[in-house]
Amino acid sequence: MLRSIDKHVDALATWIERVLAVALLVGISLNVINVIGRYLAGFALNGVDEIEIYILIWIAFLGAALVTWRGGHLRMDVLILACPSSVRWLVGWFEMAVMLVVSAFVAWQSFKYVERIYALGAVSDIAHIPTWIPHSAIAVSFAAIVLIVLLRGLQRIAGSGQEPADKATERAGS
Amino acid sequence: MSFALGFVPIALLLLGFPIFLVLLTAVTVALVFYMNVPLAALHQNLFGSVNAYALLAIPYFIYAGELMGRGSVAQRLVDFVQSGVGSLRGSLGITTVGTATIFGAISGVSAAAVATIGRVMYPSMTKAGYPKPFAAGLITAVGAIDIIIPPSIPMIVYGAAAQESVPRLYAAGILPGLLIAGLLAGYVMWRARRENFGAGEPFDRSHFFRATVRGLWALGAPVIILGGIYGGVFSPTEAAAVACIYAILVTRLVFRELSFAEIIEAAAATTRFTAQILIIVSCAGVFSWLLTVNQVPAALVSFLQSLGVGQWTFLLAVNVLLLAVGCFLDPLSAILLLTPLLIPVVKALGIDTVHFGIVVMVNLAIGLFHPPFGINIFVAQSVLGIDLKTIYRGILPFVMLYLIALVLITYVPAISLVGVWVLIN
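1. Comments concerning the nonpolar core
At step 1: Counting residues in each nonpolar core, the largest one holds 211 residues, and the members touching the most others are Phe142 of chain A together with Tyr63, Phe314 and Phe356 of chain B.
At step 2: Examining the composition of this core, we find that 15 residues originate from one element, helix 13 (residues 260-293) of chain B, more than from any other.
At step 3: In this view, Tyr63 of chain B contacts Leu24, Leu25 and Ile28 of chain A together with Cys244, Ile248, Ile263, Ala266, Ala267 and Thr270 of chain B; residues no more than four positions away in its chain are not counted.

2. Concerning the interface of chain A and chain B
At step 1: The interface of chain A with chain B comprises 53 residues on the first partner and 60 residues on the second.
At step 2: Roughly 5200 Å² of surface becomes buried between chain A and chain B when both sides are summed, with 78% attributable to carbon and sulfur atoms.
At step 3: For chain A, the biggest contributors to the area lost against chain B are Leu56, Leu74 and Met76 of chain A; these three give 15% of the whole.
At step 4: For the pair chain A and chain B, the interface holds three salt bridges.
At step 5: The residue Arg272 of chain B makes a salt bridge to Glu17 of chain A at a minimum N-O spacing of 3.0 Å.
At step 6: Along the contact surface separating chain A from chain B lie 13 residue pairs in polar contact (both at pLDDT 80 or more).
At step 7: Those elements that provide at least two residues to the side of chain A that touches chain B are helix 1 (2-41), helix 2 (48-70), helix 3 (78-81), helix 4 (85-120) and helix 5 (132-158) of chain A.
At step 8: Among the elements that take part in the side of chain A that touches chain B, helix 1 of chain A stands out by supplying 14 residues, more than any other.
At step 9: Across the side of chain A that touches chain B, the residue classes break down as 35 nonpolar, nine polar and nine charged.

3. Some remarks on helix 14 (residues 296-307) of chain B
Residues and elements named next belong to chain B.
At step 1: Over its twelve residues, helix 14 extends 17 Å from the first C-alpha to the last, a length consistent with the 16 Å expected when each residue adds 1.5 Å.
At step 2: Among the residues of helix 14, those classed as buried are Pro297, Val301 and Leu304. For helix 14, the angular spread of buried residues about the axis comes to 70°, placing them on one side.
At step 3: Turning to helix 14, the residues buried within the fold contact helix 13, helix 15 (311-326) and helix 16 (331-348).
At step 4: Positive phi shows up at Gly308, right after helix 14, with a value of about 70°.

4. Some remarks on the packing of aromatic side chains
At step 1: Using the criterion set out here, one finds 19 aromatic pairs over all chains in the structure.
At step 2: Ring centres 5.6 Å apart and planes at 80° place the aromatic pair Tyr118 of chain A and Trp132 of chain A in the edge-to-face group. With a gap of 14 residues between them, Tyr118 of chain A in helix 4 and Trp132 of chain A in helix 5 connect regions that are remote in the sequence.
At step 3: The exposure class of Tyr118 of chain A is exposed, given its relative accessible area of 54%.
At step 4: Ring pairs connect the aromatic residues Tyr130, Phe134, Tyr187, Trp190, Phe197 and Phe398 of chain B, which therefore count as one cluster.
At step 5: A cation over a ring is seen here: Arg152 of chain A above Trp69 of chain A, with NZ or CZ 3.9 Å from the ring centre.
At step 6: Between the NZ or CZ atom of Arg252 of chain B and the centre of the ring of Phe260 of chain B, over which it lies, the distance is 4.5 Å.

What counts and what doesn't
- Residues numbered from 1 in each chain as written.
- Chains lettered and ligands numbered in written order.
- Predicted model: local features only at pLDDT ≥ 70, side-chain atom pairs only at ≥ 80, totals over all residues.
- Heavy atoms only, no water.
- Core = buried A, V, L, I, M, F, W, Y, C linked by side-chain atoms within 4.5 Å.
- Buried < 20%, exposed > 50% of the residue type's maximum accessible area, 1.4 Å probe, protein only.
- Helix = DSSP H or I, 4+ residues; strand = E, 2+ residues; numbered from the N terminus.
- Contact = heavy atoms within 4.5 Å.
- Buried area = accessible area lost by both parts, 1.4 Å probe.
- Salt bridge = Lys/Arg side-chain N within 4 Å of Asp/Glu carboxyl O.
- Polar contact = N/O pair within 3.5 Å; in protein donor to acceptor, adjacent residues only side chain to side chain.
- Nonpolar A, V, L, I, M, F, W, Y, C, P; charged D, E, K, R; others polar.
- Expected span 1.5 Å × (residues − 1).
- Arc of directions from axis to C-beta.
- Phe/Tyr/Trp six-rings, centres within 6.5 Å; stacked < 30°, edge-to-face > 60°.
- Lys NZ or Arg CZ within 6 Å of the ring centre and 35° of its normal.

Now the structure itself:
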């Protein structure tokens, strides 16, 4: 059951990565179109900067959830890797608990903020994009991190999960 | 408050927590238990820290480097540099230094340079009789130039953290990068002559011409980036975007090496790397805001002023601190954690923040290959299959060379600032 969920989430993560990759290419293309337009055709697409920044914000936060899923966050794990496995096991649980609480707190605060600006109907200055769209990246991503941590926790209880530090060891060796 | 902003981050950092979680936990503890501010400030600062046009240059430069590093660009650059070096003693070693320097003007990601150039040059050097520790040390050390030569990703992050102009930082990085390259090349020649290895082939004009033609497309990327920025044609972000399109066209249509699927895969890899960096940028933004509203930097400035610490002493202390931190922490995290604390002191002491930025870069560049935990050591070990003992034996002379460069760059600000005077002012 947990393995099946793992496989489906992995496929979803890969799909989201592709979407973010295409979004990045769209952002780059818009930027270059503006440069070409400015020098060769004397025009500029209004609001392109805002669209690019909003793409970046989604890449940053949703990408962070994906990095959490892949166990690839930057960390200073030199000391913990030198510790006995029992200590790593304990610290792994502690890390998961902290991540769960903090991410849930951020997701909730962010959700309340997005709810407010949605009610206000705020839009961006130039492209007139509803600002709840970029702002919701934080709520969505930290909610996703909460779900990921819960799933990883269940996997560890079932004995099929890994300690974060072990993941880091794997990355170093890959 | 010192528990939230001091004990919590240090303890979690030592426990090996992800850096973003270290910062976010400290912020959450401070906001919930110690401060009386609206909690919406958390969201506003997380969002505001990455809501910046200048930060777009990070994924764009990473993507351009990712594309250029996947095809035959490294080999073409190697051929170009080697054909120009000719019969100089240690020609392959000098070629390695020259190629890494040019690659640094395309990529800005140090580990990519070690892997890409190492794959081409390490087998060539060992086959030509270079001592293995020497070749391994050189390959591992030379990639660190990439975070000093523009375009450098850590410089963009420093620019955002210190509110300093990226073009000024880039201009300031050129001469220090070339100084380090010169020191490395000089050392390679001296070792090659002393130990009698690495005789090169005589300079051949037609070979040089052919290699130059083959390398022209690869050399076009730094010309577009640096020429565009300092010619006043593009902003750094636009230069990065144009470099991406250039890299797609060159690798797909000219070299015919990358498929569309590989171009998308490179973009996906870029988004992963970008997210790793920007989530820390975002959380560090909130942490930095908390430090400021709690007047921690101001207290640090007052404390140092009460001790009568001058520019030189402060810079010496910073060098020791950053060298130590750089051994354990990646450059981007180190910049984001320390810059908000150090910049107010730097300004109070009258040190140029651009010069200070370059000092930070050189320190953290050393950390990239400094034993025992420099990340480039593990990249070389994993990609090139060199054992750690060989790398450790070979790396020490190069650490010394970088330290000499660091002393010069720290105490002769003109080495950094001349680029700003010439290209910006």
